[in-house]
Every structure is written in structure tokens, then in C-alpha cells.
Amino acid sequence: MANGVSLLGTRVAAIALPWFVLVTTGSAARTGLVAACELTPYVVSKALSGPLVDRLGARRTSVAADLFSAVAAGLVPLLHAAGLLSFPLLLVITAVLGTMRGPGDLAKYVMVPELAERAGQPLERASGMVSVAERLAQGALGPAVGGLLVTLCGPMTAVLVNAGSFVVVAAAVGLGLPQGSGAPAGSGVPAGSAESVTEAGATGGQAPEVGYWRQFGEGLAFLRSDGLLLALTAMVALTNLLDAAFSSVLLPVWVERSDHGASVLGLLFAVSGFAGVGGSLIAAAAAHKLPRRPVFFLAFLFAGAPRFVAPALGLPLPAVVLVFLCNGFSAGFLNPILGAIEYERIPRHMLGRVGAIGDAVSWAGVPLGGILGGVVVGAVGLVPALLIGGTAYALVTNLTGLRPEWRAMNRRSDESRTVEASGTAGASGAPERPEVAEVSATPGTSEVPWDLR
């Protein structure tokens, strides 16, 4: 719920703020600058905040970041009402908002495996439910709610709703989660877990103090040493770049040149978004019972290249809609599997720093996607660009699966058991956990923490 409400409010603001700038200044350049001033600090702060989340605790970081975000978002309508909101000041506030959102989103991601243990649920199911909330908020409900609020109430009211959503999320995480969850690494690990023994042994229950850059370097070294995690991160970085080129340039150009109109563009995104929610729901319920590797690559087979090929072949609109329906449904299976792999392979006390670095690498190509798409369309034309994109997607997502690292994708023998809701609980109320610390600490494979959007 916290993830869904947070992303829903952010999606509403992502529509309201650019619209406000566009109607008040009439400048497309300034509109784009507002979006860049939030996204860039978001990616940078998320990449650098991993050691801080691990040290301060995910729950504390999440609540503090959301409260600061609420203040930053609330300042925009208040200053506008007082006649004090200049464009440079709006850029500063937007940058602060992006900076705060980075560690806040990372902290919620870090808490997922611990809360899955407490709930007695498999990692695939926990990761799948998070993916459902994200897809509902960002791909299905967010654009509709944002557009409706801006139309009926105005952009400043929509931004105020975003500020209120951060308060709701801070209350949900701070007051709604079990006591002791999301504690700093080494101080609040559920009783009976392997990490509570390995981390507390020589320090009397306290993890040794390590400098920030030392922790950051440890996260980077772990990611580089784990073949599967590194391969997954690189693969998703490339698919994110191709996705950005497709959604921001190739698909809009195809829609415009096919004389379909902007409504068709919205239809295709909506079909894919709602189908993704359905796929994520099924994955949350059943992915832990399915073989990971075949499901993963079969899902990518339908989720990637067909979107590029169908418009290039000149298929009729109903056929293209069907392709997008299959694309969204198949993509819904990816993040639950990716999330479970990462949560299994990364030691709990390093989730923040490793996940943050993997996230930053995965997002690195997104700003370049639109530029690359435009350059290719201008150089070779739309249809060749679509075919090149589809071929690249197929090669990246399927041929890379032939590498030996991918054999490690399947569940490890000591983690292959599925945890049922009726699982045995320890004295702390949390289900007992298999001895995974020793295995996870040995580099061997991250989900890419962002969904494959």
C-alpha cells in the first residue's frame, strides 16, 4: 500500500507540474527542464543512499524521506498561492523532491524480504505484490487520476494531493509495520535469522562501524563479483534503453504517421498497463511454484521484440492491440522473478547499497533512449528503426541467456522450499528462516529494482 500510494502521488505530480509550467510559461523547454530536475537527482540520490539506508535503517529512512517530500511538495501550491513561486525556485523544490524520493523508494524496497518472512510468504509472492502495486499506480491508475485531478481541480490541487500522499505513506510505514521491522543492519534482524548470528557474533549485537565510501565500495564489489546479478543488471540496463526509445519516440512516431491519433497511443499504453497488472497478480500467486528460467525467458520473448515488429509489419490496429496485451501480461511475470533472485542472493545487511547501485546502472541508459531513437529514425527511417530495435531486444534478452551465469537463476537448494502462510513462527513472531547468510555472502548473482517500465 505504501509503495502504491507513493507512486500514485508521484505519477499525479508528474502530470500536474509539467502541465502547470506549460500553461503558465508556454515553454516546452522549461517543461522538460522541470522533469529533468526531478529525475536526475532521484537517480543520483538513490545510487548514493544505499550505505545510509543500511546504516540508519530502512524504516527510519523511509519515514524521514516521505515527510521531507511532503514538505517540499506542499511548498509548491503554498508559494504559488502567495505569489512567491518563481521558476528557479520551482526547479530547486523539484530537485529537492527528487533527492528525497530516491532514498525513500530504496528504503521500501529493502524492507520487502524481511516483511515477507514475517508474513510467511515466498519471495516471488512478496515481490509480485509490490509489482502489482507499482503497475497499478504508474501504468494503470496514475495517468487517469492525474489527468482527472488536473482537469477538474487544477494542477496545484493535484500537487497538494501528492504532498498528502507522502504523509499517508509515512504514517503507513511508521505506524503500520510491525515493531522492529526495517531496523539498521545488524541491530534489528529478526530473531533466529542467520544474519542475527553472523553479524552480532563478534560485536555484541552491533555491526562494526564502516565508513560510507567503504560500504559503497563493498556494494559495488559484491555486484561485480556476482555473475548472475551483474548479467541481469546489464541486460535490464539495455532493455530499459530500448524501452525508452520505443515509448518516447518510435511508438509515438508510428501512431502519428499512421493517422491513428493520440487516443490510440493512450489505448496501447493502457492495454499494456492493465495486462501487466493481471500478469503480476498471477505471478504473485504462482511464480514461486514455477521454474524460473523457462518462465523468465518465455515472458521476455513476448514482452519485448513483438512490440517493435508488429508496427513495422504494418499489422492492423486490432492486431497491434493484441500484441500489446500479450506484452503487458508477459512483462508482469518478470519483476517477481527478478526481485526474488535479488533478495535471495544479496546479504540482508547489503541490500541497500547493492540494490541502489544496480538501480542506478539499470536507469543509466533511460535518458539516452529517446535521443537514440530519434537519431536512428532520422538516419534510416521508422520501419528499419523498429526492426533494428526488435532484433536488438531479442538478442539482448535471449542470446544472453545462453551464458553459464544464467544457470544460477533457479532457486538454491537451501532456499527452494516455499514458505506457506501457516509457516512455523519463532519466538519473535516471524517465521524461521533457512541458513542463507553463509550462502548469500558468497558472491554468486539483482533483480533490477525498477520495474521493466
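Please refer to the structure placed before this passage.
One structure accompanies this document, and this report is about it. (Residues numbered from 1 in each chain as written. Predicted model: local features only at pLDDT ≥ 70, side-chain atom pairs only at ≥ 80, totals over all residues. Heavy atoms only, no water.)

## What to know about the overall build of the chain
Helix and strand counts for the chain come out as 19 helices and 0 strands. The buried share among the 453 residues of the chain stands at 52%. When the accessible surface of the chain is split by element, carbon and sulfur atoms take 70% of a total near 18,600 Å². (Helix = DSSP H or I, 4+ residues; strand = E, 2+ residues; numbered from the N terminus. Buried < 20%, exposed > 50% of the residue type's maximum accessible area, 1.4 Å probe, protein only. Areas by Shrake-Rupley, 256 points an atom, 1.4 Å probe, with all protein chains shown as cover.)

## A word on the nonpolar core
Ranked by internal contacts, the top residues of the largest apolar core, which has 43 residues, are Leu232, Met235, Leu250, Leu251, Phe296, Trp406 and Met409. The leading source of residues in this core is helix 10 (residues 227–257), at 13 residues. Those residues in contact with Met409 that lie beyond four places of it in its chain are Leu228, Leu232, Arg292, Arg293, Phe296, Phe297 and Ile341. Ranked by size, the runner-up nonpolar core spans 28 residues in total, among them Val53, Ala107, Tyr109 and Phe216. (Core = buried A, V, L, I, M, F, W, Y, C linked by side-chain atoms within 4.5 Å. Contact = heavy atoms within 4.5 Å.)

## Considerations on a nonpolar patch on the surface
Among the surface-exposed residues, Trp19, Leu22 and Val23 lie close enough to one another that they form a single nonpolar patch of about 290 Å² accessible area. Tracing the backbone through its elements, the reader meets Trp19 in helix 1 (residues 2–25). (Patch = residues over 30% accessible without salt bridge, like charges linked within 9 Å, V, L, I, M, F, W, Y side chains within 5 Å. Salt bridge = Lys/Arg side-chain N within 4 Å of Asp/Glu carboxyl O.)

## Observations concerning the packing of aromatic side chains
Two numbers describe a pair of aromatic rings. These are the distance of the centres and the angle of the planes. Counted by the stated rule, this structure contains 8 aromatic pairs. Here Phe308 and Tyr393 contribute two aromatic rings whose centre-to-centre distance is 5.8 Å and whose plane-to-plane angle is 45°, an arrangement assigned as tilted. In this pair, Phe308 is assigned in helix 13 (residues 305–312) and Tyr393 in helix 18 (residues 382–398), connecting sequence segments 85 residues apart. The exposure class assigned to Phe308 is buried, which follows from its relative accessible area of 1%. An aromatic cluster is present here, built from Phe246, Phe296, Phe297, Phe300, Phe308, Phe324 and Tyr393 joined pairwise through their rings. (Phe/Tyr/Trp six-rings, centres within 6.5 Å; stacked < 30°, edge-to-face > 60°.)

## So, the packing of helix 10 against helix 15 (residues 334–345)
With their axes 11 Å apart at the nearest point, helix 10 and helix 15 run at an angle of 145° to one another. Both helix 10 and helix 15 take part in a crossing whose hand is left-handed. For the pair helix 10 and helix 15, contact is made by Leu228, Leu229 and Leu232 and by Leu338, Ile341, Glu342 and Arg345, respectively. Grouping the constituent residues of the contact of helix 10 with helix 15 by class yields 5 nonpolar, no polar and 2 charged. (Axes fitted to C-alpha atoms, helices over the stretch in contact; angles between N-to-C directions. Left-handed = near helix turned anticlockwise from the far one by under 90°. Nonpolar A, V, L, I, M, F, W, Y, C, P; charged D, E, K, R; others polar.)

## Notes on the environment of Gly74
Relative to the helices and strands, Gly74 is located in helix 4 (residues 58–81). Overall, Gly74 belongs to the buried group, its relative accessible area being 10%. C-alpha separation for the pair Gly74 and Met156, spaced 82 residues apart in sequence, amounts to 9.4 Å.

## Concerning the pattern of salt bridges
Enumeration according to the criterion identifies 9 salt bridges in this entry. Taking the shortest distance from any N to any O, the salt bridge between Arg118 and Glu114 comes out at 3.2 Å. In this pair, Arg118 and Glu114 are both assigned in helix 5 (residues 87–119), 4 residues apart and thus about one turn of the helix distant. Its salt-bridge partner being Arg353, residue Glu218 comes within 3.0 Å of it at the nearest N-O pair. Taken together, the residues Glu218 in helix 9 (residues 212–225) and Arg353 in helix 16 (residues 351–363) connect sequence positions 135 residues apart. Note on Glu218: relative accessible area 28%, which makes it partly exposed. Each of the salt bridges in this network shares a partner with another, and the network as a whole consists of Asp54, Arg214, Glu218 and Arg353.

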